[in-house]
Amino acid sequence: MKRPLIAGNWKMFKTTGEATNLVQTIKAGVYKINDCDMVICPPFTALAAVSKILTETPIELGAQNMHPETEGAFTGEISPAMLKDVGCRYVILGHSERRQYFFETDAFVNEKIKTALKYSLIPIVCIGETLEEREDKRQFEVVKNQFDHSFKDLSKEEIVKLVIAYEPVWAIGTGKTATPDQAEQMHSYIRRLLKEKYSEDAANRIAILYGGSVKPDNIASLVKKPNIDGALVGGASLKAESFVQIVSQAVAEVEAGASS
Ligand code: PGA
């Protein structure tokens with residue numbers, strides 16, 4: 001039975017006090033759930049406070065970004081050692097908002113992935129096409145290009161440590177989710193790329209999450225698909241109730257699928 005992974009990306013929301021309240025409510029809401037991996041990615045300023053609350057819970061802490069160098073004169077940046085120090089196990093890399101607003105390239109994402117792995121951080125690497133690219137029917141070409149360059153020179157031992165998030169840019173924060181069939185089509189394509197470049201075993205071990213307007217009412221139809229292993233949730237992770245519902249719906253769907 002697949003074990004879903006649900007990650008909440010809080011983006012640039014929540015002060016420390018707000019983050020503390022939110023995570024406490026989420027913690028109380030999921031305490032009976034064992035069959036799901038859960039990750040919460042607050043802004044940097046709230047990591048330490050959230051980390052304390054998550055100690056001895058099954059919920060893992062993640063960051064939303066990281067610089068590829070261990071340390072140095074990079075004003076305003078955060079290093080992998082700093083993330084480890086504060087209790088992070090995961091780090092989101094190459095989110096489309098980083099690519100779009102901060103001009104991050106696949107080569108830069110590739111450097112970040114390599115350093116994250118050196119520090120035993122699990123990268124959640126985002127790839128996905130824009131609306132224009134999909135309308136031009138170039139979505140597979142675009143994703144393959146991001147795949148080839150972001151994962152350049154990663155060994156099989158390294159690639160199996162990653163989580164991949166397919167996030168079509170046109171579905172992020174727009175309320176417009178890819179249909180489960182559209183998402184599954186891309187997930188199975190990514191799985192095939194992994195199989196061709198690495199091996200079937202590697203391809204099957206890597207979790208591929210879907211991201212883009214995931215909500216309590218669409219998560220079940222997404223995780224029902226064989227190649228969708230969970231979700232990277234933005235807006236709906238900012239309310240405890242919807243995050244908890246997404247987690248419970250994902251678990252219920254996977255369990256129902258396994259027993260049918
Ligand atoms: P959204 O964001 O769920 O608000 O669409 C997803 C993401 O950007 O990771």
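Everything in this summary refers to the structure shown in the same document. (Residues numbered from 1 in each chain as written. Predicted model: local features only at pLDDT ≥ 70, side-chain atom pairs only at ≥ 80, totals over all residues. Heavy atoms only, no water.)

Some points on the sheet that holds strand β2 (residues 37–41)
Whenever strands of a sheet pair, they do so through backbone hydrogen bonds, lying parallel or antiparallel.
Here comes step 1: Spatial ordering of the closed barrel is given by β1-β2-β3-β4-β5-β6-β7-β8, a layout of eight strands whose pairing is parallel. When the angles between neighbouring strand axes are averaged without regard to direction, this sheet yields 25°.
Here comes step 2: The sheet contact formed by strand β7 (residues 207–211) and strand β8 (residues 230–233) spans three bridges and is parallel. When the sheet's bridge partners are listed, Y210 is paired in β8 with A231.
Here comes step 3: Of the strands in this sheet, β4 (90–93) and β5 (122–127) are in contact with helix α5 (residues 106–118), which crosses β5 at around 160°. (Pairing = 2+ DSSP bridges. Helix = DSSP H or I, 4+ residues; strand = E, 2+ residues; numbered from the N terminus. Axes fitted to C-alpha atoms, helices over the stretch in contact; angles between N-to-C directions. Contact = heavy atoms within 4.5 Å.)

Here's the deal with helix α7 (residues 139–150)
Here comes step 1: Taking 1.5 Å as the rise per residue, α7 with 12 residues should run 16 Å; its terminal C-alpha atoms sit 16 Å apart, in good agreement.
Here comes step 2: Those residues of α7 that sit buried are Q139, V142, V143, Q146, F147 and S150. Along the axis of α7, the buried residues cluster in a sector spanning 135°; they form a single face.
Here comes step 3: Elements that come into contact with the buried residues of α7 comprise α4 (96–101), α5, β5, α6 (131–135), β6 (163–166) and α9 (180–197). (Expected span 1.5 Å × (residues − 1). Buried < 20%, exposed > 50% of the residue type's maximum accessible area, 1.4 Å probe, protein only. Arc of directions from axis to C-beta.)

Side note on the site of the ligand
Here comes step 1: Contacts to the ligand come from 13 residues, most closely from K11, H95, E167, G173 and S213.
Here comes step 2: At 2.7 Å, a backbone N or O of G173 approaches an oxygen atom of the ligand.
Here comes step 3: Measuring from an oxygen atom of the ligand, one finds a backbone N or O atom of G235 at 2.8 Å.
Here comes step 4: Here the ligand has 280 Å² of accessible area as a free molecule, and 95% of this is covered by the chains.
Here comes step 5: By residue class, the composition of the shell around the ligand is four nonpolar, seven polar and two charged. (Near = heavy atom within 4 Å. Polar contact = N/O pair within 3.5 Å; in protein donor to acceptor, adjacent residues only side chain to side chain. Areas by Shrake-Rupley, 256 points an atom, 1.4 Å probe, with all protein chains shown as cover. Nonpolar A, V, L, I, M, F, W, Y, C, P; charged D, E, K, R; others polar.)

Things to note about the packing of aromatic side chains
Here comes step 1: Under the definition given, this model contains three aromatic pairs.
Here comes step 2: Considering the side-chain rings of F147 and F151, the 5.1 Å spacing of their centres and the 80° angle between planes classify their relative orientation as edge-to-face. Across the pair, F151 and F147 agree in class, each one buried.
Here comes step 3: The lysine or arginine in question, R98, covers the ring of F102, its NZ or CZ lying 4.1 Å from the ring centre. (Phe/Tyr/Trp six-rings, centres within 6.5 Å; stacked < 30°, edge-to-face > 60°. Lys NZ or Arg CZ within 6 Å of the ring centre and 35° of its normal.)

Quick look at the pattern of salt bridges
Here comes step 1: A complete count under the given rule lists 15 salt bridges for this structure.
Here comes step 2: Residue K225 is joined to D181 by a salt bridge in which the shortest nitrogen-to-oxygen separation is 2.7 Å. With a gap of 44 residues between them, K225 in the loop between α11 (219–223) and β8 and D181 in helix α9 connect regions that are remote in the sequence.
Here comes step 3: Owing to a relative accessible area of 52%, D181 belongs among the exposed residues under this scheme.
Here comes step 4: One network of salt bridges, in which partners are shared, links R98, E104 and K112. (Salt bridge = Lys/Arg side-chain N within 4 Å of Asp/Glu carboxyl O.)

Observations concerning unusual backbone geometry
Here comes step 1: Positive phi, close to 85°, is recorded for K14, a residue that is not glycine.
Here comes step 2: Note that K14 resides in the loop between β1 (5–9) and α1 (16–30).
Here comes step 3: Unlike most non-glycine residues, D153 shows phi in positive territory, near 60°.
Here comes step 4: A relative accessible area of 57% means that D153 is categorised as exposed.

Concerning the pairing of β6
Here comes step 1: Here β6 shows two buried faces, one formed by V163 and A165 and the other by I164 and Y166.
Here comes step 2: With four bridges joining them, β5 and β6 adopt parallel strand pairing. Looking at the pairing, I124 lines up with V163 of β6.
Here comes step 3: Here β6 runs beside β7; their pairing, made up of four bridges, is parallel. Each residue of the ladder has a partner; that of V163, found in β7, is A207.

The values reported here are purely geometric and, on their own, carry no functional implication.
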